Structures are given as C-alpha cells and as structure tokens.
Amino acid sequence: MFGLRTSELLIIFAALLLLFGATRLPQLGKSLGSAIRNFKKGVSHDEEDETADSPANKATACKNLEANLEANTSTSASEMNSSKLGSKN
C-alpha cells in the first residue's frame, strides 16, 4: 500500500489518534468515505450527462421546459388576478 510498511502505518495511525482523539477518528473516516463516494457519483454523473446530449433527449428536455414555463405562467396569472381582487376590497 503506497510502499509503506506496517511499522510506518502504525506510526501514522498513532499520530492521527493523538491529533483527532479516539472519539473523533471514526467520524473522520466516515466523512472521508462519504466524500469519496460523492466524488465518484459526480464523476459518473458527468459522464452520463455527456451521453444525454442526444437529439431525442434534447427534444424531451425542451418539451419539459415548455410545460414547466406554461405551468408557472398560469400560476403567476392566477396569483396576479387574486392579488388584484384582494387589493380592490
């Protein structure tokens, strides 16, 4: 493992134990593991996004965007009408 012998690994582990304490060391390992896992997910997600740029996927994304815009526009219009009614009273 990286050209380190057992005695060197024990010295590194002892130094970490002194720096972070016995209670904090498991938390540190857990957060390091989750950071590596999230990094791998991000890298694989970027590779999937590159393949998602096909014309069929772009057309579907465009249709979804148009539908969302229409839904937001109708909601905004109804909110404006209700606010106008409320201000007249």
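Engineer: Would you mind going over the overall build of the protein chain with me for this structure?
Structural biologist: The helix and strand inventory of the protein chain stands at three helices and zero strands. When the helices and strands of the protein chain are read in sequence order from the N terminus, they spell out α-α-α. Going through the 89 residues of the protein chain one by one, you find that 1% of them count as buried. Put simply, the protein chain shows about 8000 Å² of open surface, and 63% of that area lies on carbon and sulfur atoms.

Engineer: Would you mind showing me how to read the confidence of the model for the protein chain here?
Structural biologist: Counting all residues, the mean pLDDT for the protein chain is 75, and 63% of those residues have values of 70 or more. Looking over the protein chain, one finds the lowest element-wise mean pLDDT in helix 3 (residues 55-88), namely 62, and the highest in helix 1 (residues 6-20), namely 89.

Engineer: Just checking my understanding: could you explain the pattern of salt bridges for this structure?
Structural biologist: Where charged atoms from two side chains of opposite charge approach closely, those side chains can pair. The tally for this structure, following the rule as stated, stands at one salt bridge. Between R5 and E8 there is a salt bridge whose closest N-O contact spans 3.5 Å. Overall, R5 belongs to the exposed group, its relative accessible area being 57%.

Engineer: Please clarify how a nonpolar patch on the surface should be interpreted in this entry.
Structural biologist: Taken together, L4, L9, I12, L16, L19, F20 and L28 make up a surface patch of nonpolar side chains, about 560 Å² in accessible area. Counting residues per element, the nonpolar patch draws most heavily on helix 1, which supplies five residues. Here I12 shows up in helix 1. Since its relative accessible area comes to 42%, I12 is described here as partly exposed.

Engineer: So what exactly am I meant to see when it comes to helix 1 here?
Structural biologist: In an α-helix, one turn spans 3.6 residues; hence positions three or four apart end up facing the same way. A rise of 1.5 Å per residue sets the reference length of helix 1, with its 15 residues, at 21 Å; its end C-alpha atoms lie 21 Å apart and thus fit the reference within 8%. The first or second residue beyond helix 1 is G21, which carries a positive phi of 85 degrees.

About the criteria used
Residues numbered from 1 in each chain as written. Predicted model: local features only at pLDDT ≥ 70, side-chain atom pairs only at ≥ 80, totals over all residues. Heavy atoms only, no water. Helix = DSSP H or I, 4+ residues; strand = E, 2+ residues; numbered from the N terminus. Buried < 20%, exposed > 50% of the residue type's maximum accessible area, 1.4 Å probe, protein only. Areas by Shrake-Rupley, 256 points an atom, 1.4 Å probe, with all protein chains shown as cover. pLDDT = per-residue confidence, 0-100. Salt bridge = Lys/Arg side-chain N within 4 Å of Asp/Glu carboxyl O. Patch = residues over 30% accessible without salt bridge, like charges linked within 9 Å, V, L, I, M, F, W, Y side chains within 5 Å. Expected span 1.5 Å × (residues − 1).

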